Amino acid sequence: MNTQLYMEGVTDLVQGMGSIALQHFSKPLNVETKQDGSPVSAADREAERFGRDWIAARFPEDGVEGEELEDSPSSSGITWIIDPIDGTRSFVRGVPLWGTLAAVVYEGRVVAGAAAFPALDEVIAGGEGAGCWWN
């Protein structure tokens, strides 16, 4: 497993999902309530769809687990965990304290992860044996 490749991947992924979400930030949104009582909007779904398409194009054998859409199985033993907008309550209120998150899990352990905070222009990423980076 190339941890550096996956660390770069999660970084690109969260920035891409964040860019999609940022297009909707501080704009009128139709907000729905999920069964668990948490809010969801078109921004969440659009950012997650982008993330799933991005992963499928680059890592087609890897699985994906997300918040808004159905999980896809892995044939590689690698699963991407994505949250297109963590902090949706803040997001829909126009508060910039929200982020996009992704992690890569291999054999039951997280080997790379990243968080982007698009409204603050901040990114943090780390990988097993590859260190941790901020911006």
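The structure this text deals with has already been given above.
Residues numbered from 1 in each chain as written. Predicted model: local features only at pLDDT ≥ 70, side-chain atom pairs only at ≥ 80, totals over all residues. Heavy atoms only, no water.

Engineer: Could you clarify how one ought to interpret the nonpolar core in this entry?
Structural biologist: Across soluble globular proteins, nonpolar side chains show a tendency to be buried alongside one another. By size, the foremost hydrophobic cluster in this structure holds 24 residues, and its most contacted members are Tyr6, Val10, Leu13, Ile55, Trp80, Ile82 and Val104. Every element with two or more residues in this core is listed here: α1 (3–22), α2 (42–58), β4 (78–86), β5 (99–106), β6 (109–117) and β7 (122–127). Other than its neighbours up to four places away in sequence, Tyr6 contacts Met1, Phe59, Asp62, Ile78, Trp80, Val104 and Ala112. Core analysis: the next-biggest nonpolar cluster, separate from the first, contains six residues, Ala21, Ala43, Ile85 and Phe91 among them. (Core = buried A, V, L, I, M, F, W, Y, C linked by side-chain atoms within 4.5 Å. Buried < 20%, exposed > 50% of the residue type's maximum accessible area, 1.4 Å probe, protein only. Helix = DSSP H or I, 4+ residues; strand = E, 2+ residues; numbered from the N terminus. Contact = heavy atoms within 4.5 Å.)

Engineer: I keep staring at the pairing of β7 and nothing clicks. Help me out?
Structural biologist: It is a general feature of regular strands that their side chains alternate between the two faces of the sheet. With six bridges connecting them, β6 and β7 associate as antiparallel partners. Note that in β7 the partner of Gly113 across the bridge is Gly126. Two successive antiparallel strands, β6 and β7, enclose a turn made up of four residues, where Asp121 displays a positive phi of approximately 55°. (Pairing = 2+ DSSP bridges.)

Engineer: Honestly, the side chain of Thr100 in this entry has me stumped. Any pointers?
Structural biologist: Along the polypeptide, Thr100 turns up in strand β5. A polar side-chain atom of Thr100 sits 2.8 Å from the main-chain carbonyl oxygen of Val14. What Thr100 contacts, discounting residues up to four positions off in sequence, is Val14, Met17, Gly18, Asp83, Pro84, Ala114, Ala115 and Ala116. (Polar contact = N/O pair within 3.5 Å; in protein donor to acceptor, adjacent residues only side chain to side chain.)

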